Amino acid sequence: MITVASLAPYLGGALALGGVAVAVSRRRELLIRWCAWAVGVPLVTGAFWWGRPGTSALAIVVGVIAVIEFGGLMQLDRVDRVVLAAAVAGVVLAAWLAPGQEFRAVAIGALAVAAVPLLSGDADHGLRRLSANLLGLAWLSVLAALVPLGASALALFVAVSLADIVAYFAGRGLGGPRLSPLSPAKRWSGTLAGAAAGLGVLAVLSALSWPMAVAVAVGGPAGDLLESMIKRGAQVKDAGRWLPGSGGLLDRIDSLLIALAVLVVLR
């Protein structure tokens, strides 16, 4: 059985090795990214170590920040964002306090976010706001899966993150056909190399199973393409500018979100 305690040494070792590699490279952008990871990894690991309360708190904080960024991309007003954030938080709380009621919480959240443009009588932009709110709820509510999955979700996050890194560098080095017009910089060579690296991480962490493998190899790239589509529609490069080296939080968790959804469906 995977536990946070069994994953912690691997996370610490990977962070240390990454620091050495960054120091050798002397590249400022990589140093900035590593510093962000050096702060984020202990916080995330500590939240998972705390169990369901910590994981729930982490999912809610991440969900609220993601809603703010998503609202900016979709040009949602403040009321839309507040109600959407409350709906996502409600699904996470249901996963913690009322297991088995998550879909009911999603349904209640959908009614709430749909009511905002309806009650405001927005004939000009109501349909766009309604569609965006429902997409945001379906996409970001997946964070609730962190609560029951626990250490497995942490292992999935590690595997997906490393797969993203390997896919980026392998795609640039190997070249080849593009993965999708939604993200011209991504190549099939990088995606396959990233998937192989992600599966290797799962094996090292004793977390390799066919649902986890499909989540990393298929869900991760799909999540990245989904956010690329949203950002292209919004004509922006990053979901935010506050996270050093990564743009916004959505740019860091986009692959994880769909990987979690795939894992939940297959499990």
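Reading the values: rules and limits
- Residues numbered from 1 in each chain as written.
- Predicted model: local features only at pLDDT ≥ 70, side-chain atom pairs only at ≥ 80, totals over all residues.
- Heavy atoms only, no water.
- Phe/Tyr/Trp six-rings, centres within 6.5 Å; stacked < 30°, edge-to-face > 60°.
- Helix = DSSP H or I, 4+ residues; strand = E, 2+ residues; numbered from the N terminus.
- Buried < 20%, exposed > 50% of the residue type's maximum accessible area, 1.4 Å probe, protein only.
- Contact = heavy atoms within 4.5 Å.
- Core = buried A, V, L, I, M, F, W, Y, C linked by side-chain atoms within 4.5 Å.
- Pairing = 2+ DSSP bridges.
- Salt bridge = Lys/Arg side-chain N within 4 Å of Asp/Glu carboxyl O.
- Expected span 1.5 Å × (residues − 1).
- Patch = residues over 30% accessible without salt bridge, like charges linked within 9 Å, V, L, I, M, F, W, Y side chains within 5 Å.
- Areas by Shrake-Rupley, 256 points an atom, 1.4 Å probe, with all protein chains shown as cover.

Asker: Which parts of the structure should I look at to understand the packing of aromatic side chains?
Answerer: Here a ring pair, both rings aromatic, is described through the centre-centre distance and the interplanar angle of the planes. Summed over all chains, the structure comprises 3 aromatic pairs. The interplanar angle of 35° and the centroid separation of 6.1 Å between the aromatic rings of W37 and F157 together place this pair among those described as tilted. Pair noted here: W37 is in helix α2 (residues 28–49) and F157 is in helix α8 (residues 151–174), with a separation of 120 residues, a long-range link. With a centroid separation of 6.0 Å and an interplanar angle of 70°, the aromatic rings of F70 and W139 are classed as edge-to-face. With F70 in helix α3 (residues 52–74) and W139 in helix α6 (residues 126–140), this pair connects stretches of sequence that are 69 residues apart. Each member of the pair, F70 as well as W139, is classed as buried.

Asker: I tried to follow the environment of G71 on my own but got confused; where do I start?
Answerer: Mapped onto the secondary structure, G71 falls in helix α3. Contacts of G71, omitting those with residues within four sequence positions, involve L76 and R81.

Asker: I tried to follow the nonpolar core on my own but got confused; where do I start?
Answerer: Across soluble globular proteins, you tend to see nonpolar side chains buried next to one another. Ranked by internal contacts, the top residues of the largest apolar core, which has 66 residues, are F70, W139, L140, L156, L250 and L260. Sorting elements by how many residues they give to this core places helix α11 (residues 249–266) first, with 10 residues. Non-local contacts of L140, meaning those with residues more than four positions away in its chain, are made with A66, V67, F70, V88, L250 and L257.

Asker: Would you mind going over the pairing of strand β2 (residues 183–187) with me for this structure?
Answerer: Consecutive residues of a regular strand have side chains that alternate between opposite faces of the sheet. Here strand β1 (residues 178–180) runs beside β2; their pairing, made up of 2 bridges, is antiparallel. Looking at β2, one finds that R178 is bridged to R187. Taking the residues between adjacent antiparallel strands as the criterion, β1 and β2 are bridged by 2 residues.

Asker: Looking at this structure, how should I read the pattern of salt bridges?
Answerer: Proximity of charged atoms lets side chains of opposite charge pair with each other. Tallied over the full model, the rule gives 8 salt bridges. The closest approach of N and O atoms between R129 and D122, which form a salt bridge, is 2.9 Å. Residue R129 is classed as buried on the basis of its relative accessible area, which comes to 7%. Of the charged contacts in the structure, one is a salt bridge between K186 and D224, with a shortest N-O distance of 2.8 Å. One end of the pair, K186, is in strand β2; the other, D224, is in helix α10 (residues 210–234), with 38 residues separating them in the sequence. Using a relative accessible area of 13% as the deciding quantity, one classes D224 as buried. Through salt bridges with shared partners, a single ionic network connects D77, D80, D122 and R129.

Asker: I would appreciate a short explanation of α2 in the present structure.
Answerer: Each turn of an α-helix holds 3.6 residues, which means side chains three or four residues apart point in the same direction. Taking 1.5 Å of rise per residue, the 22 residues of α2 would be expected to cover 32 Å, and the 32 Å separating its terminal C-alpha atoms lies within 8% of that figure. Those residues of α2 that fall on the buried side of the exposure criterion are V41, T45, A47 and F48. Those residues of α2 hidden inside the fold are in contact with α1 (4–25), α3, α7 (146–149) and α8. Once α2 finishes, G51 follows within two positions and takes phi at roughly 90°, a positive value.

Asker: Honestly, the side chain of E227 in this entry has me stumped. Any pointers?
Answerer: Residue position: E227 is located in helix α10. Of the residues examined, E227 reaches a relative accessible area of 1% and is grouped as buried.

Asker: What should I look at first to understand a nonpolar patch on the surface in this one?
Answerer: On the surface, L162, I165, Y168 and F169 cluster together into a nonpolar patch covering about 360 Å² of accessible area. Relative accessible area serves as the criterion here: at 34%, L162 is assigned to the partly exposed category.

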